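The primary structure of each chain is shown beneath.
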Amino acid sequence: MSIEVPGTEGVAALGLDPDRAIEAGRAAVASGRAASVVVHTAAKGDAFRSLVRATGDPAALAAVLTGAAGVGLYRTATRDCRRHRVRWDLGEPTPGIGTIYGVARASRMTAAEFHEHWATTHRPLALRHHVGMWDYRQVSVVEPLTDASPDYDGFAIVQFPNRADMATRFFDGDDGKRVIRADAARFTDAHRSDMVLMREHVLLDAALPAEPVWLTDYRLADVAASAEQLWELIGRLEPGEQDRESRRPTGIAEYRCRYEVRETGTDTCRLDWQPTALVDGASGDAFDEVVDAEWLRISAALTSALGPTVGG
């Protein structure tokens, strides 16, 4: 039985064959009935090894994705809580690493109560405490489309731009970890839920929605400098919030950026730069423009002070 769930309607197919999932995802793109198509694959996984998620016409997409649904097929409603900006060729693996959770609700909750709690209570907690993630989607199951589909109520997709952020910035600290785990215990059943590490392949990227969503970009540069030298230069690049605000175009809310410096060798470092803003379909291009301009400014300063850099 289907239920009313907030989000963009679509279909999700679970399988055990990553190659078949990619083929089915391409067929969904070719059908012309999808607004977005994303395939997640894993080298190993006990519960599943592929997830194809597509938004658009559920009936048409279910017919196309049946071949990839060796484990399960679902009608879904997807909520974009945080989105990474796709700056690589469609179909190429997304940088970084992702964790897919097949989530089952707590037995004391109805399906409607589960989806309401996930969308309104857990969502802001995840955005606050999973500080390293650059992409977060909630894919609610509206109804299973096959009798054999596992009894999941949704799929949580949490992605990080690199393994280091996943390892060290999954939470903002011990207090944040306790908050997330306590809330998860309120509305999910850990014994009936599953987790798989997966790689993402965006085959068709959805347009930004009309309502604001957190959008994150990611740039990096390898430089011949010590961490101390690089942090000193970053301090000169960021003279203050007021100056940064003056470089932000009208229409972009909550613009912020994060610098991360990691030593890669003797007097060599990698700079990770992650700008984030609250944008909608009307301000997405403005976000891209300010990010490109800021990165050009940063790259020029790095080259001037430290010599040639590698990255983009």
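Here, every reference points to the structure presented above.
Residues numbered from 1 in each chain as written. Predicted model: local features only at pLDDT ≥ 70, side-chain atom pairs only at ≥ 80, totals over all residues. Heavy atoms only, no water.

Peer 1: Just give me the short version of the overall build of the chain, but keep the residues and values in it.
Peer 2: Across its full length, the chain carries 8 helices and 13 strands. Here the chain has a C-alpha radius of gyration of 20 Å; the compact-globule value for 312 residues is 20 Å, and the two agree. By its C-alpha atoms, the chain is 65 × 45 × 40 Å across when sized along the principal axes. Across the 312 residues of the chain, 51% fall into the buried class. Relative to all contacts within the chain whose residues are 6 or more apart in sequence, the contacts with residues 24 or more apart total 80%. Approximately 14300 Å² of the chain is accessible, and the part contributed by carbon and sulfur atoms is 50%. (Helix = DSSP H or I, 4+ residues; strand = E, 2+ residues; numbered from the N terminus. Rg over C-alpha atoms; globule rule 2.2 N^0.38 Å. Buried < 20%, exposed > 50% of the residue type's maximum accessible area, 1.4 Å probe, protein only. Contact = heavy atoms within 4.5 Å. Areas by Shrake-Rupley, 256 points an atom, 1.4 Å probe, with all protein chains shown as cover.)

Peer 1: Tell me what's going on with the environment of Glu-263, and back it up with residues and numbers.
Peer 2: As for its position among the elements, Glu-263 is in strand E11 (residues 253-265). Each C-alpha atom of the pair Glu-263 and Val-223 lies 9.8 Å from the other, and the pair is 40 residues apart in sequence. Not counting chain neighbours up to four residues away, the residues in contact with Glu-263 comprise Ala-227, Thr-268 and Cys-269.

Peer 1: Could you give an account of empty space enclosed by the protein, with specific residues and numbers?
Peer 2: Applying the stated criterion across every chain yields a total of 1 cavity of 30 Å³ or more. Roughly 30 Å³ of internal volume is contained in the largest cavity. Lining the largest cavity are Ser-36, Arg-53, Ala-54, Thr-55 and Thr-78. Looking at the lining of the largest cavity element by element, the count peaks at 3 residues for strand E3 (residues 50-56). (1 Å grid on protein atoms, 1.4 Å probe; cavity = no way out; pocket = protein on both sides within 12 Å on 5 of 7 lines; lining within 4 Å. Points joined across faces, edges and corners; volume = space filled by probe spheres on them.)

Peer 1: Could you give an account of the pattern of salt bridges, with specific residues and numbers?
Peer 2: Going through the model one piece at a time under the given rule, you end up with 24 salt bridges. Here Arg-262 ties to Asp-272 by a salt bridge, and the two come within 2.2 Å at their closest N and O atoms. Of this pair, Arg-262 sits in strand E11 while Asp-272 sits in strand E12 (residues 268-279), and the two are 10 residues apart along the sequence. Taken together, the shared-partner salt bridges in this structure form one network comprising Asp-80, Arg-83, Asp-135, Arg-137 and Asp-205. (Salt bridge = Lys/Arg side-chain N within 4 Å of Asp/Glu carboxyl O.)

Peer 1: Outline the packing of helix H1 (residues 18-31) against helix H2 (residues 58-65), listing residues and values.
Peer 2: Orientation of H1 relative to H2, taken along the N-to-C sense of each, is 145 degrees, at an axis distance of 9 Å. In the packing of H1 onto H2, the handedness of the crossing is right-handed. In contact with Ala-24, Gly-25, Ala-27, Ala-28 and Ser-31 of H1, H2 contributes Leu-61, Val-64 and Leu-65. Tallied by class, the residues present in the contact of H1 with H2 amount to 6 nonpolar, 2 polar and no charged. (Axes fitted to C-alpha atoms, helices over the stretch in contact; angles between N-to-C directions. Left-handed = near helix turned anticlockwise from the far one by under 90°. Nonpolar A, V, L, I, M, F, W, Y, C, P; charged D, E, K, R; others polar.)

Peer 1: Explain the pairing of strand E9 (residues 213-216) residue by residue, including any values.
Peer 2: Burial of the side chains of E9 extends over both faces: Val-213 and Leu-215 are buried on one face and Trp-214 and Thr-216 on the other. Of the strand pairs in this sheet, strand E4 (residues 72-84) and E9 are connected by 3 bridges, and their pairing is parallel. Counted as the bridge partner of Arg-83 is Leu-215 from E9. In this structure, E9 lies alongside E12, joined through 4 bridges in antiparallel fashion. What sits directly across from Trp-214, in E12, is Leu-278. (Pairing = 2+ DSSP bridges.)

Peer 1: Tell me what's going on with the layout of surface pockets, and back it up with residues and numbers.
Peer 2: What the largest pocket holds in volume is close to 490 Å³. Every residue lining the largest pocket is counted, 21 residues in all, and those nearest its centre are Tyr-101, His-122, Ile-180, Ala-184 and Thr-188. If you list the elements that add at least two residues to the lining of the largest pocket, you get strand E5 (97-103), helix H3 (111-129), strand E7 (154-160), helix H5 (174-187) and strand E8 (194-204). Per element, the largest residue contribution to the lining of the largest pocket is 5 residues, and it comes from H5. Class assignment for the residues of the lining of the largest pocket results in 15 nonpolar, 4 polar and 2 charged.

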